[in-house]
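# Working through the structure, step by step
Below are the chains, spelled out letter by letter.
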Amino acid sequence: MAIAVDATSNSGVLDGNTTTITWNHTFTGSNLVAYVGCGARDATANNRTVSGVTVGGAAATLVGVQQDNTTPGVPTKVSLWRRIAPATGVQSIAVTMTAYNQTSVYCAAVSFTGVDQTTPEDAAATGGTSNSATSVGSSTPITTVTDNAWLVGILHISDENALTQVGNAGTQVSAGTGTSAALRRVGLSYNGPATPTGSYYVSWSWLNATSTAHEKTAIRPAGAGGADNRRVIMVS
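Before going into details, it helps to say that this report is about the structure given with it. (Residues numbered from 1 in each chain as written. Predicted model: local features only at pLDDT ≥ 70, side-chain atom pairs only at ≥ 80, totals over all residues. Heavy atoms only, no water.)

We now examine the pattern of salt bridges. It is possible for side chains bearing opposite charge to pair when their charged atoms get close. What the rule picks out here adds up to one salt bridge. Two residues, glutamate 121 and arginine 82, come together in a salt bridge whose shortest N-O distance is 2.6 Å. Residue glutamate 121 is located in strand 10 (residues 121-130), and its partner arginine 82 is located in strand 7 (residues 76-84); the two are separated by 39 residues in the primary sequence. For arginine 82, a relative accessible area of 15% puts it in the buried group. (Salt bridge = Lys/Arg side-chain N within 4 Å of Asp/Glu carboxyl O. Helix = DSSP H or I, 4+ residues; strand = E, 2+ residues; numbered from the N terminus. Buried < 20%, exposed > 50% of the residue type's maximum accessible area, 1.4 Å probe, protein only.)

Right, dumping it as structure tokens:
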């Protein structure tokens, strides 16, 4: 079965002062898996930490987290979460922050059909941080082991200028900029199918960022995979 994008959604930008972020996401199809990515900035570590995510009231699993600990001031942090087999229809996604008073936070979700329901991740999550002013995020590739796998990545940069995907980065399904300068920009992206197996990227370029964090993973199709079935869905 081939993986396909089911739907995308996002929380909208919240300029801080919240412990719970909720929005709705509509699921259809079979062999569903949802991925939720969040990016936050604050000078206090707890204020930029996601403590849990639920999809339709069921707990999601943390795939990976990255935080820039090298940049003074207001560092960035991202986390990527996954929920297998969410119920179809309109479901609430809820993100719980560890503490109140974060400078800014933004979350987004993408759901896929045709994903392995036992072990959806094809490769271990990998990411990193940077304090490079001009850079390409997520420059370390993921090596897929299953043909027709897809990639999912979340990036947060401390720059309000455009966040541009490069190379074989796929499609940016959502991105947010804050009403305050503190959020800058967060993007959740996907790319697929990746065939043949090998090294693939979820990469972005930007200007003038002083703090970045990114996390990504690969997901495997249910069964033997399938042919090219990519679609593009934009959320703004």
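Now that the structure is up, let's keep going.
All right, on to the packing of aromatic side chains then. With the rule as written, the count across this model stands at four aromatic pairs. With centroids separated by 6.2 Å and ring planes inclined at 90°, the aromatic side chains of phenylalanine 112 and tyrosine 190 adopt a geometry described as edge-to-face. Placement of phenylalanine 112 in strand 9 (residues 104-113) and of tyrosine 190 in strand 16 (residues 185-194) is noted, with a sequence separation of 78 residues between them. A relative accessible area of 0% means that phenylalanine 112 is categorised as buried. (Phe/Tyr/Trp six-rings, centres within 6.5 Å; stacked < 30°, edge-to-face > 60°.)

One open sheet accounts for four strands, arranged 2-8-4-5; its pairing is antiparallel. With partners counted over all chains shown, the strands left at the sheet margins are strand 2 (20-27) and strand 5 (58-59), one partner each. As paired elements, strand 4 (residues 50-55) and strand 5 share two bridges and run antiparallel to each other. Residue pairing across strands places threonine 54 opposite alanine 59, the latter belonging to strand 5. (Pairing = 2+ DSSP bridges.)

A sheet is described by the order of its strands in space; here five strands give the open sequence 1-9-3-7-6, paired in antiparallel fashion. The two strands at the open ends of the sheet, each matched to only one other strand, are strand 1 (4-10) and strand 6 (61-67). Each strand of the sheet is rotated relative to its neighbour by a mean of 15°, with strand direction disregarded. With nine bridges connecting them, strand 3 (residues 33-41) and strand 9 associate as antiparallel partners. Of the residues in strand 9, the one forming a bridge with valine 36 is alanine 109. (Axes fitted to C-alpha atoms, helices over the stretch in contact; angles between N-to-C directions.)

This part takes up unusual backbone geometry. Of note, the amide linkage connecting glycine 192 to proline 193 takes the cis form, showing an omega dihedral of -5°. Going from threonine 195 to proline 196, the amide bond is cis rather than trans, its omega being 0°. Along the chain, proline 196 turns up in the loop between strand 16 and strand 17 (199-200).

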